[in-house]
2 protein chains.
Amino acid sequence: MPSFEVTPQSMSFAQPLALRSGASIAGYSLAYETYGTLNAQRSNAVLVCHALNASHHVAGVYAGQPKSEGWWDNMIGPGKPVDTDRFFVIGVNNLGSCFGSTGPMHVNPETGRVWGADFPVVTVEDWVDAQARLLDALGIEQLAAVMGGSLGGMQALSWTLQYPERVRHAVVVASAPNLTAENIAFNEVARRAIVTDPDFHGGHFYEHGLVPKRGLRIARMIGHITYLSDDVMNEKFGRSLRDAAVGAAYRYSTQEIEFQIESYLRYQGDKFSEYFDANTYLLITRALDYFDPARGHGGDLTAALRVAKAKFLLVSFTTDWRFSPQRSREIVNALLDNRFNVSYAEIDAPHGHDAFLLDDVRYTGVVRSYFERIAAEDLQ
Amino acid sequence: MPSFEVTPQSMSFAQPLALRSGASIAGYSLAYETYGTLNAQRSNAVLVCHALNASHHVAGVYAGQPKSEGWWDNMIGPGKPVDTDRFFVIGVNNLGSCFGSTGPMHVNPETGRVWGADFPVVTVEDWVDAQARLLDALGIEQLAAVMGGSLGGMQALSWTLQYPERVRHAVVVASAPNLTAENIAFNEVARRAIVTDPDFHGGHFYEHGLVPKRGLRIARMIGHITYLSDDVMNEKFGRSLRDAAVGAAYRYSTQEIEFQIESYLRYQGDKFSEYFDANTYLLITRALDYFDPARGHGGDLTAALRVAKAKFLLVSFTTDWRFSPQRSREIVNALLDNRFNVSYAEIDAPHGHDAFLLDDVRYTGVVRSYFERIAAEDLQ
């Protein structure tokens, strides 16, 4: 079934945005897309927040580009689990990202120079503030739901804390209340690979006409390992050699590709280094590191979540070792401690963290049911 | 208790060594150390095989260097679990390593040029062959035991297959019958970081007076993450900030160190890049990738191990996700299928793969008991 056509839009904001770092950003634009129709009561809006390397292009295809499906096109669209025949869905590219919203590759109007590594550090909370302004501009006072996976789930959770009156439901998929030391460690190695690439030039590589591709490749390879489960890697690649024709013989080389998994990772790294901005990678991994709503409450997540007024759906995946089910259960338990309305599904899926982007009948079924419930409860 | 003093030695071999790759190495030296005394029957020798970044300096200290303990000094020495008052222990640096044995930083006598990346690919099987020649030179026909952890355990296992008559016991700690796709993936990222460092110069950086330190740092940081368990990382570092004096405030920086785990990893990476050879890193990770005794038997590990005549002790650690207990159990099961004499201890330890190098009373107790049994059975 061909997907529906969509058109990206952009909204400019002239008023400065104060950031959690103490800095502020004078003026900025956000790239966004919308699917479906806002109802007369303006009560059917769903905001979808993206993770590390995704964008506002959540669903549908661009005219004349049949393979340009959005990153959650299996989940969102007419008749899909998040049904755009009922809901008005908004995808927005976050501040500091590299897909159209103001980011490090744009010119800082105050200096006339490309921001580069001087782009201010942005946090999950800053993104939510910027998203709230976009909703203001679209005339949406309250969301039927905010949803996201991974880092997007952190934004959905943060929405319920920063703007409790504006969120009726939060759908938090494959996420966590903060990163573990191991999560931070993987982010740090990726950042070091980028920053120590000689082509990074302290984050001002644009003016040298260069891209720190070596670092981006390494960063993406590390990322991919952590997105997949050990099991699915063994199933998809195992110890298979790249060149099947060679049969049982090793090449005996330290630098040539020997195993299929190496070929896959190099390809993913190369592809990523062609389109993703290095400074954006630093910013977004740092936003992940910094997110920790319990931090301001002495580590007490229950206390941190107390201000929320939304109902919640949490989803995790059994083989996700980047954001393990245990981390989702921490959120669920803290919500239940507050006697909030919480649904939780732990999906038995082999695909690791990547599962949140893939089709799984139980997973999409849970999301479909939940949005049917939202429609039944809230959109009468 | 101060450790005993030891002296490194070196043995040169003039006869070429045929390698699994089809290449051969004309002449070479192996650095080694011995502890304890070979008995009159020459029946108390224990060979210790090292893992990725270790060496022949297994136990004891060098004269005038009180902090120079060998890497398994807690396990091996007078009165220790592997008691050098009873056993004659040999540590040997593997071919291609960078601690004294012939390796990539030495001159290839055939070209007069430093080997660099042209050093032939060596496998676990090649190392075992080279170790066997060292034993020949030392007049040791049969080992009381061969032992090693991680990659060292692979060598111990391979000894029982390549020289079944020469091994009475094999002690295989925190090891695996081969690498998983995920293991290979981590090795590949580390190798790409090294090889794409501009200072690598195709593996001939020596003649440029350079070292690809950026790549080595990244490689080591990745390694360290995989050596530790998520739990121990959370316990040791958690989300603690580096600068405790700053209290609750983030610095909001993408490049400065914010969290303690970042500081730890950068330090480990820096230290490693000062002493470890980049080409050795490529060679040794490739030896890990290639090891797969079942490969020549259509993947049937039971068939692959059938030739062994040794008795076995396998040890694994519950939180080791690099070489998980499941991988050790695969070996145990294949040995039991052959009705071999196998002891297996799965140690409940929090430290991940690193546990094999650390003190744990159950772990050292198991090894001590096993070597007492060897002494009782074999050394009467």
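Quantities reported herein were computed from a predicted structural model and do not represent experimental measurements. (Residues numbered from 1 in each chain as written. Chains lettered and ligands numbered in written order. Predicted model: local features only at pLDDT ≥ 70, side-chain atom pairs only at ≥ 80, totals over all residues. Heavy atoms only, no water.)

Caption draft 1: Examining the pattern of salt bridges more closely. Evaluated as defined, the whole model comprises 44 salt bridges over all chains. Across the pair R191 of chain B and D289 of chain B runs a salt bridge, and its minimum N-O distance is 2.7 Å. Taken together, the residues R191 of chain B in helix α3 (residues 181-195) and D289 of chain B in helix α7 (residues 278-290) connect sequence positions 98 residues apart. As far as the burial class goes, R191 of chain B and D289 of chain B line up, both buried. Between R251 of chain B and E256 of chain B there is a salt bridge, with the nearest N and O atoms lying 3.2 Å from each other. Assessed through its relative accessible area of 42%, E256 of chain B is described here as partly exposed. In this structure, a network of salt bridges that share partners links the residues E188, R191, R286 and D289 of chain A together with E262 and R266 of chain B. (Salt bridge = Lys/Arg side-chain N within 4 Å of Asp/Glu carboxyl O. Helix = DSSP H or I, 4+ residues; strand = E, 2+ residues; numbered from the N terminus. Buried < 20%, exposed > 50% of the residue type's maximum accessible area, 1.4 Å probe, protein only.)

Caption draft 2: Representation of the interface of chain A and chain B. Of the residues lining the interface, 62 residues belong to chain A; the matching set on chain B comes to 62 residues. Both faces considered, chain A and chain B share a buried interface measuring about 5200 Å² in area, 61% of it formed by carbon and sulfur atoms. For the chain A face of the interface with chain B, the top three residues by lost area are R239, Y252 and T254 of chain A, together amounting to 14%. Counting every contact that joins chain A to chain B gives 8 salt bridges. Counting the contacts that link chain A with chain B gives 28 residue pairs in polar contact (both at pLDDT 80 or more). Of all the secondary structure elements, the ones that give two or more residues to the side of chain A that touches chain B are α3 (181-195), α4 (213-227), α5 (230-236), α6 (260-275) and α7 (278-290) of chain A. (Contact = heavy atoms within 4.5 Å. Buried area = accessible area lost by both parts, 1.4 Å probe. Polar contact = N/O pair within 3.5 Å; in protein donor to acceptor, adjacent residues only side chain to side chain.)

Caption draft 3: Seen up close, the confidence of the model for chain A. Considering every residue of chain A, the mean pLDDT works out to 96; 98% of them sit at 70 or more. Both scores are given for the predicted complex: the pTM is 0.96, the ipTM 0.95. (pLDDT = per-residue confidence, 0-100.)

Caption draft 4: Just the relation of the copies chain A and chain B, in detail. Once chain A has been moved 0.0 Å along the axis and rotated by 180°, it coincides with chain B to within an RMSD of 0.0 Å. A rotation of that kind, with that shift, is consistent with a two-fold axis. (Least-squares fit on C-alpha atoms with pLDDT ≥ 70 in both.)

Caption draft 5: Focus on the state of the cysteines. Residues and elements named next belong to chain B. Under the criterion given, the structure shown has 0 disulfides over all chains. C98 provides the cysteine sulfur closest to C49, a residue in no disulfide bond, and the two sulfurs are 17 Å apart. A residue is classified by how much of its surface remains accessible, and C49, at 1% relative accessible area, is buried. Taking the relative accessible area as the measure of exposure, C98 reaches 15% and is therefore buried. (Disulfide = S-S within 2.5 Å.)

Caption draft 6: Seen up close, the packing of aromatic side chains. Tallied over the full model, the rule gives 50 aromatic pairs over all chains. Between the aromatic rings of F4 of chain B and Y35 of chain B, the centroid separation amounts to 5.7 Å while the plane-to-plane angle is 85°, which identifies the pairing as edge-to-face. With F4 of chain B in the segment before β1 (9-13) and Y35 of chain B in strand β4 (residues 28-35), the pair connects residues that are 31 residues apart, well separated along the chain. The exposure class of F4 of chain B is buried, given its relative accessible area of 19%. Overall, the relative accessible area of 1% leaves Y35 of chain B in the buried class. On the numbers, 5.5 Å between centres and 80° between planes, the contact of F272 of chain B with Y275 of chain B is edge-to-face. Pair noted here: F272 of chain B and Y275 of chain B are both in helix α6 (residues 260-275), with a separation of 3 residues, about one helical turn. For Y275 of chain B, a relative accessible area of 37% gives the class partly exposed. Connected via pairs of aromatic rings, a cluster forms that spans F99, F272, Y275, F276 and Y281 of chain A. The ring of Y250 of chain B has R295 of chain A sitting right over it, with the charged end atom 4.4 Å from the ring centre. (Phe/Tyr/Trp six-rings, centres within 6.5 Å; stacked < 30°, edge-to-face > 60°. Lys NZ or Arg CZ within 6 Å of the ring centre and 35° of its normal.)

Caption draft 7: A look at the packing of helix α1 (residues 124-138) of chain A against helix α2 (residues 151-162) of chain A. All names here are of chain A. At a closest axis distance of 9 Å, the pairing of α1 and α2 adopts a crossing angle of 70°. Our classification of the angle between α1 and α2 gives roughly perpendicular. Note on packing geometry: the crossing formed by α1 with α2 is right-handed. Taking contact as the criterion, the partners of V124, E125, W127, V128, D129, Q131, A132 and L135 in α1 are, on α2, L151, M154, Q155, S158, W159 and Q162. Grouping the amino acids of the contact of α1 with α2 by side-chain chemistry returns 8 nonpolar, 4 polar and 2 charged. (Axes fitted to C-alpha atoms, helices over the stretch in contact; angles between N-to-C directions. Parallel < 35°, antiparallel > 145°, perpendicular 65-115°, else oblique. Left-handed = near helix turned anticlockwise from the far one by under 90°. Nonpolar A, V, L, I, M, F, W, Y, C, P; charged D, E, K, R; others polar.)

Caption draft 8: The arrangement of the side chain of S55 of chain B in detail. Residue and element names in this part refer to chain B. As for its placement among the helices and strands, S55 is situated in the loop between β5 (45-49) and β6 (76-77). Of note is the side chain of S55, whose polar atom sits 2.9 Å from the backbone nitrogen of H57. Dropping the residues within four chain positions of it, S55 is found in contact with H50, W71, V92, N93 and F99.

Caption draft 9: Seen up close, unusual backbone geometry. Residues and elements named next belong to chain A. Residues other than glycine seldom take positive phi values, yet S150 does so here, at roughly 60°. Looking at the secondary structure, you find S150 in the loop between β11 (145-149) and α2. Of note in this structure, Y252 is not a glycine but carries a positive phi near 55°. Counting through the fold element by element, Y252 comes out in the loop between α5 and α6. For Y252, a relative accessible area of 22% gives the class partly exposed.

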